[in-house]
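Report on the structure
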2 protein chains.
Amino acid sequence: MQPKPEPEPGNLDLPAALSAIVGDAQVLTGEKEVLPYCRELRDLWHGTPAAVVRPASREEVAAILALANAHGVPIVPQGGNTGLVGAQVPDESGREVVLSLERMKAIRDVDAEGATLVVEAGVILEEIHAAASEAGLFFPLSLGAQGSCRIGGNIATNAGGTGVLAYGNTRELVLGLEVVLADGRIWNGLRRLRKDNTGYDLKQLFIGSEGTLGVITAAALRLFPAPKGRSVAFVAVESPAEALTLFRRFSASAGSGLTGFELMPRIGIEFTLKHLEGARDPLAEPYPWYALVEISSGRSEEEAASIMQATLEAAFEAEELLDAAPAANLSQAADFWRMRHGLSEVQRHEGGSIKHDVSVPVARVPELLERASAAVIERIPGVRPVPFGHLGDGNIHFNFSQPEGAEKAEFLDRWDQVNEIVHAIVTELSGSISAEHGIGRLKRELLKEVKDEVEIDLMRKIKRAFDPNNILSPGRVL
Amino acid sequence: MQPKPEPEPGNLDLPAALSAIVGDAQVLTGEKEVLPYCRELRDLWHGTPAAVVRPASREEVAAILALANAHGVPIVPQGGNTGLVGAQVPDESGREVVLSLERMKAIRDVDAEGATLVVEAGVILEEIHAAASEAGLFFPLSLGAQGSCRIGGNIATNAGGTGVLAYGNTRELVLGLEVVLADGRIWNGLRRLRKDNTGYDLKQLFIGSEGTLGVITAAALRLFPAPKGRSVAFVAVESPAEALTLFRRFSASAGSGLTGFELMPRIGIEFTLKHLEGARDPLAEPYPWYALVEISSGRSEEEAASIMQATLEAAFEAEELLDAAPAANLSQAADFWRMRHGLSEVQRHEGGSIKHDVSVPVARVPELLERASAAVIERIPGVRPVPFGHLGDGNIHFNFSQPEGAEKAEFLDRWDQVNEIVHAIVTELSGSISAEHGIGRLKRELLKEVKDEVEIDLMRKIKRAFDPNNILSPGRVL
C-alpha cells in the first residue's frame, strides 16, 4: 500500500549510529547473537535483520526512531517474540532493525489503593501476575506464553487468552500508554482513569496495531480484587448447541463470576489421553463434547462450589448435560486445565495440523463447527477436525489433523485451501478470521479480502498520518 | 487549527438540495421549527442553523454528507440534544446544518442467544432498556437523560452514568458501529464479536469523538444477564477517605456485583431534604458524608441482601462506617436513589452553582475534595462546596453553591476563575477535566491547556485524515 522506506543513504553507518545511542553492547549484528530474535516458536517465520538494538529507556527508543525516521530505516519492535503471525520477526531483506524492548522491564509503580499498575513494555506477563498478587490484587490476562511474553507485545497485539470471558481482552485492561511515535516524539498517555472524555481515545489505536503505529514503552494497567475461591468442573454434553445452552445457564447464574467456559471435542480428549503424560479421563464413559467450566467467587471457595453445584444440578434436571465431574480439589482442577491447555500441543503427535484462530457471534458457534467441519471433510476425506476454545467469546481454535496415515507434507500443502473453506464460512457468519492472534504477515493478504475498501482505506489513512515514512513494521497488517 | 469550511458557492440552494434528498417535510428552516434543535437543557448554548435536516436512513445521511463535503457545508449531528458541552447545538454563524438522527429509531435486531442488540442511532436509551428486558436481558447504560437521550449521542460522547462501576463506559458496551464518513461513504463496522484482532479498532475513534469524525447511524451493543436481585444501603461515613476504605471493602466482597457506590456530602442531603419533595433523611442523626451502595446478584434478592448485610457488619466492626440504613424494600431503595439523582437539581434552589465534571485516580479522590474545596473557599469566602458522584470511578461532580445571600450573577461571573482553581488541582493529580460530559465547545480552549502538544497534534492528524474539509462539527473538541 505504501512505498517501502528508501534505503538509508550510504553515508549512514547504522550499527555505529545505533551504538552511539545505546552503547556497543546493545547493538547485535552477529549471526549467532541475532538468531533468537529472528525465529519464532513455530519456526514459520525467520529473517535477517540489519541489527538487533536493545534500548533501556524511552529516551533511547525515541532517539532510535528519530534516526530511523530520518534515514528510512525499517524498525520492527519485539517483545517476548511469542507472536504467531510473524509481525515481530524481521523479513529476509536484511534491512529491518529489530527493536527489542526486553531491557525495559521496570515495574514503575503499584498502586494497591487505586488498583492500578504501571509497567514498562519489557516486563514478562507472569511478573505482572506476581506484582499484582503481592499487592493483594489480580491481573487477569492469562495465556499459554505468559512465562515469556512481554506486556508491550500483549498490548500491541491486544492479546486474548482464557480471562477474556470475565475480564475482557487486553484492550479492556489498559488504562493508559506511553508510546514513542515514528518521528521519535514521546506521547505520555499514562493515565490511570476509569473515566476520561477529553478528546479521541488515542491509546485504542496503538492497542492491537502490532507495532505499525508506534512503539509502546510503558502501560498503566487495571488490577482487580483477587478471587477468594474457584470451582472447576469437567462437563459432558451432546453437542456444541447444548454446550451453548449450558453456557447461557452458567452466565446467568454466575454472572461475571463465570471465569472460564471452554469447549472441547471427544477427539481432542482422546489425543490428550494418548499423548499427554498423566492425563486421565475425568468421566467414566466417552461423550461427544465437553465443556470445562470455571466459576470464581470474590468471597469464598464455598460460594464458588455451591454456585457450581446448584447450576450443574439445574442443568442436569433440564437435560442440558450428560455427565459432570466437579474437581474435588485444586490439583484436580489444575489437571482439568492442563488437559485443555495441552490440546494444541498433543495434535503434533497426530501428524500435520492446519490451524485457524477464528471467532463468530457466540450464538453462531454451533453452526460454524458443523458447516466448516463438513466442508473440509468433503474436500479432504478422513481429515479429523479438532475445534476447541473459548466458546463464551465465540473464539474457536479450529484445527484440522491430517487423515490417519496420510502424508504430512502433502496434507500441509493444502493449508491455504482449508483456510479458504473455513474463512469463507466464518465471513458468511459475520465472524473474524483472526480472533486473538492478529494479522502480522501471515494474514496480511487475507485482510484485504475480508475487509471492505472503506475500512482498509481508513486504516491506511491512519497509518499514513502516524507513520508517513512507513518505517514501523512495514509489510505487517496493511 | 483547521480552516473553517469555505462558504458554499452561491449557486447551491441548500434547502432545495437537502429536500431533494430527504423530502421537503424533513428540512426545517422556520425559526419556530428549528428552535428545539438550537437550545439545550441548561440554555448555555444556542445558535442559528442554516437548516435542520432529518434523514430516515443511512443512505440519506450519506447523500447529505456527500453534498456537504462537496460544498463545504458544516454539519452538526444531533441525537436527543441532551449534551452538556454544546457540541450538538449550532453556532451563531447561521451556516451550520443540524443533522438530527431522531427519525432513525429502528431496533434492527435483538439476539437474545448472543446477548447482542443492533439499533439505529436515534433510538432513545430507555427504549433500549425495554428491548433488552423483553429479551430477558439487561443494557446497563443508565443516566439522568435516559428518557430523551439517543444512543447515537451516547456513543458519540462515550456516555458514563451510574452503571460504569460494574459495566464500564459506553465504549465498553459497543461491539460494532455503522458510520457515515465525511465524504459520504458508509463504513459497515456492525460486528458482534467479543474478540476480533483484524487490524486497527476503528470504532474506538468514533466513540467519544463528539461528531467530529463521522456520523454514527447504527450500533451493535452488548447485553448482559439481568440481575435477579438488588440491595441498596444508605451509609454514613466520617470522611471521603473512610468512604474509599468502605468502597474497597465492598468491591472485594461483591466484586462486579457492586453496581453502585456514590459519594454524597451532608450539605447535599440538607439541600435535598429542603427542596426535594418527599425526601426524608434515612438516618436518625446527621453525619458528615454518605455513601449510597448498591449490590446486584445474578442469583437472588437474598444473596444481594446477605452480601450487603455481611459487608456492612464487617465494616462496622472495623469502624469504617458511622451508621447504615439498608433499604427495607424496593420503594425505599428507589427513594435513596432519588435523593442521589436529585442532588444536581436541588442546588438550583440555593442560588448559583459553578459545576465541574472531573475525575482523578480513585485513590486520590479524598485529596482532590480536600484541596479543591479549601482553595475555592479561600478565594470565595462562604462558598459552599457540594461535591458528589461516582467515587468508585474517581468521577466527582464537583459543584460549588454560592455563599448564602450572595449575588447570583456576581458569583457566576467567577465561573472561569473557579474552574481554573479546580482544574489545576485535578491536572496536578493526573486527573481529567471532563470525566463524562466531553469537550464540545465548552472546554475546547481548556483542552489545549491540559493536553500536551504531541497528543493534540495526533488528534489533529486524525481529524484531518477523516474529515479533510472540516465539515463535521467544526469548532468542537479541536
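The rules behind these values
Residues numbered from 1 in each chain as written. Chains lettered and ligands numbered in written order. Predicted model: local features only at pLDDT ≥ 70, side-chain atom pairs only at ≥ 80, totals over all residues. Heavy atoms only, no water. Contact = heavy atoms within 4.5 Å. Buried area = accessible area lost by both parts, 1.4 Å probe. Salt bridge = Lys/Arg side-chain N within 4 Å of Asp/Glu carboxyl O. Polar contact = N/O pair within 3.5 Å; in protein donor to acceptor, adjacent residues only side chain to side chain. Helix = DSSP H or I, 4+ residues; strand = E, 2+ residues; numbered from the N terminus. Nonpolar A, V, L, I, M, F, W, Y, C, P; charged D, E, K, R; others polar. Domains from an automatic or database assignment. Phe/Tyr/Trp six-rings, centres within 6.5 Å; stacked < 30°, edge-to-face > 60°. pLDDT = per-residue confidence, 0-100. Least-squares fit on C-alpha atoms with pLDDT ≥ 70 in both.

1. Topic: the interface of chain A and chain B
- The partner chain B presents 81 residues to the 81 residues of chain A that form the contact.
- Of all residues in chain A, Lys195(A), Asn197(A) and Tyr200(A) give up the largest surface area on contact with chain B, accounting jointly for 16% of the area buried on that side.
- In this structure, the connection of chain A to chain B is made through 12 salt bridges.
- Among the salt bridges present, the one from Asp201(A) reaches Arg171(B), with a minimum N-O distance of 3.3 Å.
- Counting the contacts that link chain A with chain B gives 40 residue pairs in polar contact (both at pLDDT 80 or more).
- Those elements giving two or more residues to the side of chain A that touches chain B turn out to be helix H6 (164-167), strand E9 (186-189), helix H8 (203-206), helix H9 (240-254), helix H11 (301-317) and helix H17 (453-466) of chain A.
- With 10 residues, H17(A) is the largest single contributor of residues to the side of chain A that touches chain B.
- Per-class residue counts for the side of chain A that touches chain B are 30 nonpolar, 28 polar and 23 charged.

2. Here's the deal with the domain arrangement of chain A
Residues and elements named next belong to chain A.
- For chain A, the assigned domains are domain 1 (107-225), domain 2 (229-344) and domain 3 (351-442).
- When each unit is reduced to the centre of its C-alpha atoms, the spacing between domain 1 and domain 2 is 30 Å.
- The interface of domain 1 with domain 2 comprises five residues on the first partner and 10 residues on the second.
- Interface area lost by domain 1 to domain 2 is led by Thr162, Leu165 and Ala166, which between them contribute 81%.
- At the surface where domain 1 touches domain 2, the tally comes to zero salt bridges.
- For the side of domain 1 that touches domain 2, the element with the highest residue contribution is H6, accounting for three residues.
- Partitioning the side of domain 1 that touches domain 2 into residue classes produces four nonpolar, one polar and no charged.

3. Digging into the packing of aromatic side chains
- Tallied over the full model, the rule gives 18 aromatic pairs over all chains.
- On the basis of an interplanar angle of 65 degrees and a centroid distance of 5.6 Å, the ring pair of Phe206(B) and Phe466(B) is categorised as edge-to-face. In this pair, Phe206(B) is assigned in helix H8 (residues 203-206) and Phe466(B) in helix H17 (residues 453-466), connecting sequence segments 260 residues apart.
- Three or more aromatic residues joined by ring pairs make a cluster, and in this case those are Phe138(A), Tyr167(A) and Phe224(A).

4. A closer look at the confidence of the model for chain A
- Averaged over every residue, the pLDDT of chain A is 94; the share at 70 or more is 98%.
- For this predicted complex, the interface score ipTM comes out at 0.94, while the overall pTM is 0.95.

5. Section: the relation of the copies chain A and chain B
- The transform that puts chain A on chain B rotates by 180 degrees and translates by 0.0 Å along the axis, for an RMSD of 0.0 Å. Such a turn and shift between the copies fits a two-fold axis.
- The overlap is high: 100% of the interface residues of chain A also sit at the interface in chain B, so the same surface is used on both sides.

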